[in-house]
Structure formats: structure tokens, C-alpha cells
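# Topology and contacts: notes
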Amino acid sequence: YILKSSIYVSLTNRCNAVPLIKTRGPSFTMPAASGFSPLPSNDEPTAEQVADAVSAALSGVEAKEVCFAGVGEPLLRRRCLEDAAKLIRKASPDLALRLNTNGLVADSEAKELASSLRAIGFSGTTVALATADAAQYTELMKPEPIRLSPVMSIPMGHSEVTGFIAACVAEGLNVECSAVARPEVDLDATAALAKSLGATFRERSWHP
């Protein structure tokens, strides 16, 4: 789907927290002109299909970047994300690459993932920081744990998101943190936290 001068591509409908589109509020809808629609049920494209879709979209729009986003969380399909990005870079080296993510990345993986994104050619990430308050984050985003086995899992939450943001900043990526202007969220505190992590901040509108 297309928004302004960006081509957005979806890799999955699956998510490990409240989907970012749903965090915008119950009345939020994507602009009709964007051509947005969820992926067909249980349909997850291959890296080659993603690259082909981007190539086809470029025939009808002058785009400056490709952003991996959609209903689901792109990092749940990390290998596809990386492979598709490499194919896109090879075919269209002037296109910028960006990732829109909830940032729920285990501390043990954050540095390596950020380094990989930078090496592939990503210039930036947009991370849903959501709030400056860890307890409120859990309430708003309802993050799922990383399940290592039927009896063992790693809890995920606000600290993992801020850790991933810091890792991306350290790798030289341009990081934009976002938060939805819900009445109960302290946007000033959230913006201050983003700045302290070396990122910029973007307020997203709330649609009750």
C-alpha cells in the first residue's frame, strides 16, 4: 500500500502484542487512497514475492522509501524481512529502507539485529514506544512472552523496547519513537524518554 512517497509492505498478520493499527483507537481506519488491506488469511508472502510487489508498485508511483509494516509485526518473519530487503536494495539501490515495529526484541538479540539491519541497508526504524511508563505499556500493548518451550518463556515489555531503541541508535540508524495520543498517556514524558535514548518522537492521533 502507498502513503505519500512511501511503499509499505506487509509480511504477516501475526503479532506478538496489540497490532499497531489497533492501538490508534476503535474508529481508526487507513486512508482509502492508500490501497491498504490485510493479507489474506494465513497468507505470508515469500521474499521474492515482496520484492516483486515493490517492483510493480514502483511502476505507478515515485517512491523514496520502502517501509516494512502492515497489520502484523514484521520481525516475526525476520528472515523474510532481511531477504526481501536485500532483493529490494539490489534492484533499487536508491530506495531507502525503513522498519515499522513494536520493538519487542529480546535483550540478547537487540544488538545483533540492529547491526544486521544496518548492514543490509536500512536507514531507519520507527518503534512504538507507546508510553514512558512500563506498567502502562503492558496494559496498553499486552505483549506476549517469547516462548522457548512449553514450560519456559521470556517475559517481554517496555524495557525490551527501550533496549532495542538504544541498540538501533548505537548502530547509527535513524530511530523515530511513536506514541498514540490517548488521554491517559503522558506524551511529554514519552517524548523526553525517546530523546534520552537518542531518538526522535512522533505523536500519532487517537481515534476513540
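Computed from a predicted structure; not experimentally measured.

Taken as a whole, helix α4 (residues 134–141) has its buried residues at Q136, Y137, L140 and M141. Buried positions in α4, seen along its axis, are confined to an arc of 110° and lie on one side of it. Every exposed residue of α4 that faces more than 90 degrees away from the buried side is listed here: A135 and E139. Along its buried surface, α4 packs onto β5 (122–128) and α5 (158–170). Backbone nitrogen of A135 and a side-chain oxygen of the N-cap are separated by 3.2 Å at the start of α4; the cap is D133. Downstream of α4 by a residue or two, K142 has a phi angle that is positive, lying close to 50°.

Along the chain, the position of E160 falls in helix α5. One buried charge, E160, has no salt-bridge partner; the nearest side chain with opposite charge is R147, at 15 Å. One polar contact links E160 to S159, side chain to side chain, over a distance of 3.2 Å. Here E160 is in contact with G103, V105, A106, D107 and P155, once residues within four sequence places are set aside.

Cut-offs applied
- Residues numbered from 1 in each chain as written.
- Predicted model: local features only at pLDDT ≥ 70, side-chain atom pairs only at ≥ 80, totals over all residues.
- Heavy atoms only, no water.
- Buried < 20%, exposed > 50% of the residue type's maximum accessible area, 1.4 Å probe, protein only.
- Helix = DSSP H or I, 4+ residues; strand = E, 2+ residues; numbered from the N terminus.
- Arc of directions from axis to C-beta.
- Contact = heavy atoms within 4.5 Å.
- Polar contact = N/O pair within 3.5 Å; in protein donor to acceptor, adjacent residues only side chain to side chain.
- Lys, Arg positive; Asp, Glu negative; His and termini not counted.
- Salt bridge = Lys/Arg side-chain N within 4 Å of Asp/Glu carboxyl O.

From the geometry alone we can't say anything about function, so treat these as descriptive.
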